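A look at the structure
The chain contents come next:
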Amino acid sequence: MSPTVGVVLPAYRPDMDQLGTYIATIDDALDPQTIAVELDAPRDGVPAQLRSLPVEVHTVPYRRGKGAAITAGFERLETDVLAFVDADGSTPVVSLERILDPVTDGRTDLAVGSRRHPDATIASHQTFARRFLGDGFAWLAGRLLDARLYDYQCGAKAIDAAAWERVRDHLYEPGFAWDVELIAITAALDLCIEEVPIEWEDKPGSTVSPIRTSIDLLQALLTARHRAKQLRDDGFHTALAEHLDEPTALIEKDR
């Protein structure tokens, strides 16, 4: 019997025509058990529009952030494999299927979509500033974390439900750096990670400013490294944690 699959789409002020088409394509091509949209601060009428589609819709009246939205969605799923994709449709459904394959086949615990992999196909590039910052971040993350990847922040990943049970207690980052923390914790727990080259097309209208968020990303990377080192019982980081405020895991926050 094939493993069941659930797909979460975190959304904040989405293009509804684009999102509707994307959801319909996911449903037709992959036939997942559940497609869930985690919708932050929706405009009037948007939840009703989404409920006409083959999805579960969960809304909050404020902006939680990408990481908090995905975590909430994963916690609601009751499937063997949990996946997410960004709601802008940058990752084609054929690539999402390739990301799911190594998890549904039991070859890996976490599959990470990769725009920077040598075998990836880029239909439309980011701006030079975003590419420069993204490449620099990937280079630094590869030297600070146990997982050596080409791309840590592509908005498409899939994880086995048993692996999710192990990592979920250690995730704290509510925003766009959640992907990095997920990879750092997965690697620290000695779970298997596979990077999957994808087709990808940059979409205009991103709500993330590359300049404004670069410092936040660096801080999040250092924090993820610190938490990963704690899981490996590193003496320095364990001692350091005793002098820091204990954060609240995402699964313990209101969803």
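Summarised in this report is the structure supplied together with it. No experiment lies behind these values; they were computed from the predicted model shown. (Residues numbered from 1 in each chain as written. Predicted model: local features only at pLDDT ≥ 70, side-chain atom pairs only at ≥ 80, totals over all residues. Heavy atoms only, no water.)

1. Looking at the sheet that holds strand β4 (residues 81-85)
Short version of the rule: Two strands are counted as paired when DSSP detects at least two bridges linking them. In this description a helix means any DSSP run of H or I spanning at least four residues, a strand means any run of E spanning at least two, and both kinds are numbered starting from the N terminus. Between the N-to-C directions of two axes lies an angle of 0 to 180 degrees, each axis being a line fitted to C-alpha atoms and, for a helix, fitted only over the stretch in contact. Residue contacts follow a heavy-atom distance rule, with two residues in contact if any of their heavy atoms lie within 4.5 Å.
Pairing in this open sheet of seven strands is mixed, and the strands run β3-β2-β1-β4-β7-β5-β8 from one edge to the other. In this open sheet, the two edge strands, each paired with only one partner strand, are β3 (56-60) and β8 (193-197). Each neighbouring strand pair of the sheet contributes to a mean axis angle of 20°, computed without reference to strand direction. Looking at chain direction, strand β5 (residues 110-114) and β8 are connected through five bridges and run parallel. When the bridges of β8 are listed, Ser114 appears paired with Pro197. Lying on the sheet, helix α4 (residues 93-104) is in contact with β1 (5-12), β4, β5, β7 (156-160) and β8; it crosses β7 at an angle near 15°.

2. Examining the packing of aromatic side chains
To keep it simple, the criterion reads: Only the six-membered ring of Trp is used, alongside the rings of Phe and Tyr, when aromatic pairs are assigned; centres must lie within 6.5 Å, and planes under 30 degrees apart are stacked while those over 60 apart are edge-to-face, with the rest tilted. Burial here depends on accessible area, computed with a 1.4 Å probe over protein chains only, as a share of the maximum for the residue type. Under 20% is buried, over 50% is exposed, and the range in between is partly exposed. Here, a charge over a ring is recorded when the distance from Lys NZ or Arg CZ to the ring centre is within 6 Å and its angle to the ring normal is within 35 degrees.
On inspection of all chains with the given rule, the structure shows four aromatic pairs. Both rings, one in Phe74 and one in Trp178, keep their centres 6.2 Å apart while their planes meet at 75°; by these two values the pair is edge-to-face. Pair noted here: Phe74 is in helix α3 (residues 66-76) and Trp178 is in helix α7 (residues 178-188), with a separation of 104 residues, a long-range link. Relative to Trp178, the ring of Phe84 has its centre 5.7 Å away and its plane inclined at 75°; by these criteria the two rings are edge-to-face. Of this pair, Phe84 sits in strand β4 while Trp178 is found in helix α7, placing the two residues 94 residues apart along the sequence. The exposure classification of Phe84 matches that of Trp178, with both residues buried. Members of the aromatic cluster, joined through ring pairs, are Phe74, Phe84, Trp164 and Trp178. The ring of Tyr12 has Arg63 sitting right over it, with the charged end atom 3.9 Å from the ring centre. Looking at Arg115, its charged tip hangs above the ring of Trp200, at a distance of 5.1 Å from the centre.

3. Quick notes on the nonpolar core
Condition: Residues belong to one nonpolar core when they are buried, are Ala, Val, Leu, Ile, Met, Phe, Trp, Tyr or Cys, and are joined through side-chain atoms within 4.5 Å.
Ranked by size, the top nonpolar core spans 39 residues in total, and within it Phe74, Tyr152, Ile159, Trp164, Val167 and Trp178 carry the most contacts. Every element with two or more residues in this core is listed here: α3, β4, β5, α5 (128-144), α6 (161-167), α7 and α8 (210-231). A total of eight residues in this core trace back to one element, the largest contributor, which is α7. Residue contacts for Trp178: discarding those within four places in its chain leaves Gly67, Ile70, Thr71, Phe74, Phe84, Trp164, Leu171, Glu173 and Leu250. One finds Val5, Ile26, Leu39 and Leu100 within the second-largest nonpolar core, a separate group that totals 33 residues.

4. Comments concerning the pattern of salt bridges
Any two side chains of opposite charge can pair, given that their charged atoms come close. This is how it is decided: By definition here, a salt bridge exists when the distance from a side-chain nitrogen of Lys or Arg to a carboxyl oxygen of Asp or Glu is within 4 Å.
This model, assessed by the stated rule, comprises 17 salt bridges. Arg64 is paired through a salt bridge with Glu38; the nearest N and O atoms lie 3.1 Å apart. Here Glu38 lies in strand β2 (residues 34-40) and Arg64 lies in the loop between β3 and α3, a separation of 26 residues in the sequence. Assessed through its relative accessible area of 0%, Glu38 is described here as buried. Here Asp190 and Arg232 are joined by a salt bridge, their closest N and O atoms 2.8 Å apart. Here Arg232 lies in the loop between α8 and α9 (235-241) and Asp190 lies in the loop between α7 and β8, a separation of 42 residues in the sequence.

5. Section: α7
Along α7, 11 of the 11 residues are buried, which leaves the element largely enclosed by surrounding structure. Along α7, the positions that sit buried rather than exposed are Trp178, Asp179, Val180, Glu181, Leu182, Ile183, Ala184, Ile185, Thr186, Ala187 and Ala188.

6. Description of empty space enclosed by the protein
Worth spelling out the cut-off: Definitions used for this entry: grid spacing 1 Å over protein atoms alone; cavity, a set of points where a 1.4 Å probe fits but cannot get out; pocket, an open set with protein on both sides within 12 Å along at least 5 of 7 lines; lining residue, one with an atom within 4 Å of a point. Grid points are joined across faces, edges and corners, and a volume is the space filled by probe spheres set on the points. Three residue categories are used. Nonpolar comprises Ala, Val, Leu, Ile, Met, Phe, Trp, Tyr, Cys and Pro, charged comprises Asp, Glu, Lys and Arg, and polar comprises the others, including Gly.
The full count for this structure, using the stated rule, is one cavity of 30 Å³ or more. Lining of the largest cavity is provided by Leu144, Leu145, Asp146, Arg225, Ala228 and Lys229. When residues of the lining of the largest cavity are assigned to their parent elements, the largest contribution, three residues, is made by α8. Taken together, the residues of the lining of the largest cavity sort by class into three nonpolar, no polar and three charged.

7. Structural notes on the layout of surface pockets
Estimates place the volume of the second largest pocket at around 280 Å³. Looking at the second largest pocket, it is lined by 14 residues, and the ones nearest its centre are His226, Arg227, Gln230, Ala241 and Pro247. Elements supplying a minimum of two residues to the lining of the second largest pocket: α8 and α9. Looking at the lining of the second largest pocket element by element, the count peaks at five residues for α8. Broken down by class, the residue content of the lining of the second largest pocket amounts to seven nonpolar, four polar and three charged.

Don't take any of this as a statement about function, it's just geometry.
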